[in-house]
Amino acid sequence: AAGWDVAGLLSPAIFENGVKTGILAQDLRIGESRPLAVLATQSPFTNYHLPLGQWLFDPTVIAWGNQILQSRQPCDLFIVDELGPLEFFRGEGWVNAFDALRQVSYRLGVVVIRPECIDAFAKMGFSFQVAEAGSSQPSLLTSYRDQAKS
């Protein structure tokens, strides 16, 4: 994205000895990262207390990420990685992503969504193109908006 203003959140995995042990939240505009989730079996930390499957999430990092999603537009490329059961079925997680995506203050929007949540996303009225990453992997959805026509 040479020359593009990139904003949003990326959630890269943390691996130790080839095993996924955590998830980071990264502000794509400034590059700051914070630990978002750890394996429930490995969490000695009290601030990780929002469970989802085998993971424990830190609600303070979720709040930080939601602030980023709310404040990082306008931009050329807006990325949300990722939306899943926390957002769609529990109303937690990156919930500010929905309003940010509706604002359409970006040229290209990219959203990573868990496959079981694609229908819920479509029912919200978003018109994104879907690119499957694999049956067990999140799906990548993109939306292009030509600002000259807006």
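Here the structure is shown first, and the text comes after it.
Residues numbered from 1 in each chain as written. Predicted model: local features only at pLDDT ≥ 70, side-chain atom pairs only at ≥ 80, totals over all residues. Heavy atoms only, no water.

Student: Just checking my understanding: could you explain the nonpolar core for this structure?
Tutor: Note on soluble globular proteins: their nonpolar side chains tend to be buried together. With 33 residues, the main nonpolar core has Leu36, Phe78, Leu83, Trp94, Leu101, Ile113 and Phe121 as its most contacted residues. If you tally residues by element for this core, the top one is helix α1 (residues 59-71), at 5 residues. Discounting residues that sit within four places of it in the chain, Leu101 has contacts with Gln73, Phe78, Tyr106, Val111, Phe121, Phe126 and Phe128. (Core = buried A, V, L, I, M, F, W, Y, C linked by side-chain atoms within 4.5 Å. Buried < 20%, exposed > 50% of the residue type's maximum accessible area, 1.4 Å probe, protein only. Helix = DSSP H or I, 4+ residues; strand = E, 2+ residues; numbered from the N terminus. Contact = heavy atoms within 4.5 Å.)

Student: Where do I start with the packing of aromatic side chains in this structure?
Tutor: For any pair of aromatic rings, the description rests on two quantities: the centre-to-centre distance and the angle between the ring planes. Across all of its chains, the model carries 6 aromatic pairs by this definition. With a centroid separation of 5.8 Å and an interplanar angle of 20°, the aromatic rings of Phe78 and Tyr106 are classed as stacked. One end of the pair, Phe78, is in strand β7 (residues 75-83); the other, Tyr106, is in strand β8 (residues 106-113), and 28 residues separate them in sequence. Classification of Phe78 as buried rests on a relative accessible area of 0%. For Tyr106, a relative accessible area of 0% corresponds to the buried category. Here Phe88 and Phe98 contribute two aromatic rings whose centre-to-centre distance is 5.2 Å and whose plane-to-plane angle is 65°, an arrangement assigned as edge-to-face. Of the two residues, Phe88 sits in helix α2 (residues 85-90) while Phe98 sits in helix α3 (residues 96-103), which places them 10 residues apart along the sequence. On the basis of relative accessible area, Phe88 is assigned to the buried category, the value being 16%. Owing to a relative accessible area of 8%, Phe98 belongs among the buried residues under this scheme. Following the ring pairs from residue to residue traces out a cluster consisting of Phe88, Phe98, Phe121, Phe126 and Phe128. (Phe/Tyr/Trp six-rings, centres within 6.5 Å; stacked < 30°, edge-to-face > 60°.)

Student: Help me out: how do you make sense of the pairing of strand β1 (residues 6-10) in this one?
Tutor: As a general feature of sheets, a regular strand has side chains that alternate between the two faces. Sheet topology note: the β1/β7 ladder contains 4 bridges and is parallel. Its bridge partner lying in β7, Ala7 is registered against Phe78. Relative to strand β3 (residues 19-27), β1 runs antiparallel, the two being bridged by 2 bridges. Residue pairing across strands places Leu10 opposite Gln26, the latter belonging to β3. (Pairing = 2+ DSSP bridges.)

Student: Help me understand the environment of Glu132, please; the structure alone is not making it clear to me.
Tutor: The residue Glu132 is located in the loop between β9 (129-131) and β10 (139-144) in this model. The exposed category is assigned to Glu132, whose relative accessible area is 57%. Measuring from C-alpha to C-alpha, the distance between Glu132 and Val112 comes to 10.0 Å, with 20 residues separating the pair along the chain.

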